[in-house]
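As a plain string of letters, each chain reads:
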Amino acid sequence: MSRRETTERHSDLVVGYDGSPAAAAAVTWAAGEAELLGARLRIITGASYSAFAAGPYAGPVIQDLEDGARSIGEEGQRLAAKSLPASDILVEPIVGSVSNALVEASADARMVVVGTRGRGGAASALLGSVSFAVTAHALCTAVVVPEPSEDRSKQGPVVVGVDGSPASAVAVDHASDHAVRHGLSLVVLSAWQRPMSPGLQEASWGMPDPSWGESARSEAEENADNAVDSVHERHPHLAVDVQVVEGAAGPALTAASRTADLVVVGTRGLGGFDRLLLGSVSRAALHRTACPVAVVRA
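Structure report, in brief.

What counts, and at which threshold
Residues numbered from 1 in each chain as written. Predicted model: local features only at pLDDT ≥ 70, side-chain atom pairs only at ≥ 80, totals over all residues. Heavy atoms only, no water. Helix = DSSP H or I, 4+ residues; strand = E, 2+ residues; numbered from the N terminus. Buried < 20%, exposed > 50% of the residue type's maximum accessible area, 1.4 Å probe, protein only. Contact = heavy atoms within 4.5 Å. Areas by Shrake-Rupley, 256 points an atom, 1.4 Å probe, with all protein chains shown as cover. Pairing = 2+ DSSP bridges. Polar contact = N/O pair within 3.5 Å; in protein donor to acceptor, adjacent residues only side chain to side chain. Axes fitted to C-alpha atoms, helices over the stretch in contact; angles between N-to-C directions. Salt bridge = Lys/Arg side-chain N within 4 Å of Asp/Glu carboxyl O.

With respect to the overall build of the protein
1) Next: Looking only at helices and strands, one finds nine helices and ten strands in the protein.
2) Next: The 298 residues of the protein split such that 48% are buried.
3) Next: The contacts in the protein between residues at least 6 apart in sequence include a share of 79% that link residues at least 24 apart.
4) Next: As displayed, the protein offers around 13,900 Å² of accessible surface, 51% of which is attributable to carbon and sulfur atoms.

Okay, here's the thing in structure tokens:
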């Protein structure tokens, strides 16, 4: 019996594939999600011809690139076929910017999925590492999948970062739906940082005033409680744990990824989570994560 939630056709899931281990993990992950959601899977693979766009050998070189992209796409199709019927898998080999193609495809996709890093060296012309570009510009939820690791939990909880913003509220909905779909528990993580007391910065070399952290911690606790209330309105029986941690959001979520099945964040938070994915920790956080990370558009 199919494990699909419904036979109704949803928007397609889109995944980038270049033959690398991380891309293979991305295709496998995306195919599993497509099977659960009753969606088709579009596998986009390709090569850049910018260095060979002109000259007497442009035609043969471009043809070779097209053939190579098609061959790699067929490899991705075989991976996806372990979860999906052939009729639900579309392979789209292109010659050009794969990151641009993925972003364009995200305009009418339910989700776009990429691996954390692509092939290096001479093979890097085939997809390369487009995770940061896709998460920064995709018009739908973007998921970054790392290479599989044997030293982490295979079935951990779904972890969602909250900061009280509208974007994190949307992330909470996505995370709770994913947890229910996969039969997992949910962890609501809210981070706070102790402010610096201006009056102490010069006299005490910037040592924090302990009393200044109370309001920040209280706000983080309130954000977490509100998120839990929202989850229980949507999924009354979902098991939810709360973690209110002191420190920056980026390292806290990266640490949580070591035992999580999925980490979910919004793209436009009140500061922390926006910087996590598109600023201060951006590429490092995405490439070091131990589990898939979903970047949910508000």
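Having put the structure on the table, let's press on.
Brief notes about the pairing of strand β10 (residues 293–296)
1) Next: The side-chain alternation of β10 yields two buried faces, one formed by V293 and V295 and the other by A294 and V296.
2) Next: Strand direction decides the pairing type here: strand β5 (residues 141–145) and β10, joined by three bridges, are antiparallel. When the bridges of β10 are listed, A142 appears paired with V295.
3) Next: Pairing analysis gives four bridges linking strand β9 (residues 262–266) to β10, with the strands arranged parallel. The residue of β10 that forms the bridge with V265 is V295.

Comments concerning the side chain of E33
1) Next: Note on placement: E33 falls in helix α1 (residues 21–37).
2) Next: Accessibility expressed as a relative area gives 1% for E33, which makes it buried.
3) Next: At 2.4 Å, the side chain of E33 forms a polar contact with the side chain of H182.
4) Next: Here E33 is in contact with L13, H178, R181 and H182, once residues within four sequence places are set aside.

Describing the sheet that holds strand β2 (residues 41–47)
1) Next: Read across the sheet, ten strands follow the order β3-β2-β1-β4-β5-β10-β9-β6-β7-β8 without closing on themselves; strand pairing throughout is mixed. If you trace the sheet from one side to the other, it starts and ends with β3 (89–95) and β8 (240–246), each paired once. Here the strands of the sheet are splayed against their neighbours by 20 degrees on average, with no regard to which way each runs.
2) Next: Sheet analysis places strand β1 (residues 13–16) next to strand β4 (residues 111–115), joined by three bridges and oriented parallel. Bridge pairing in β4 places V15 opposite V113.
3) Next: Along the sheet, helix α7 (residues 249–256) contacts β6 (158–161), β7 (186–192), β8 and β9; its crossing angle with β7, the most-contacted strand, is approximately 155 degrees.

Observations concerning the pattern of salt bridges
1) Next: In this structure the tally under the stated criterion is seven salt bridges.
2) Next: Between R181 and E33 there is a salt bridge whose closest N-O contact spans 3.2 Å. With R181 in helix α5 (residues 166–182) and E33 in helix α1, the pair connects residues that are 148 residues apart, well separated along the chain.
3) Next: In the salt-bridge network here, residues are joined through shared partners; they are R42, E92 and D108.

Here's the deal with the environment of Q155
1) Next: Position of Q155 relative to the elements: it lies in the loop between β5 and β6.
2) Next: Sequence separation between Q155 and D261 is 106 residues; the distance between their C-alpha atoms is 5.7 Å.
3) Next: Not counting residues up to four positions away in its chain, the partners in contact with Q155 are L184 and D261.

Let's talk about α7
1) Next: The buried fraction of α7 is high, at six of eight residues.
2) Next: All buried positions along α7 are accounted for by A249, G250, A252, L253, T254 and A256.

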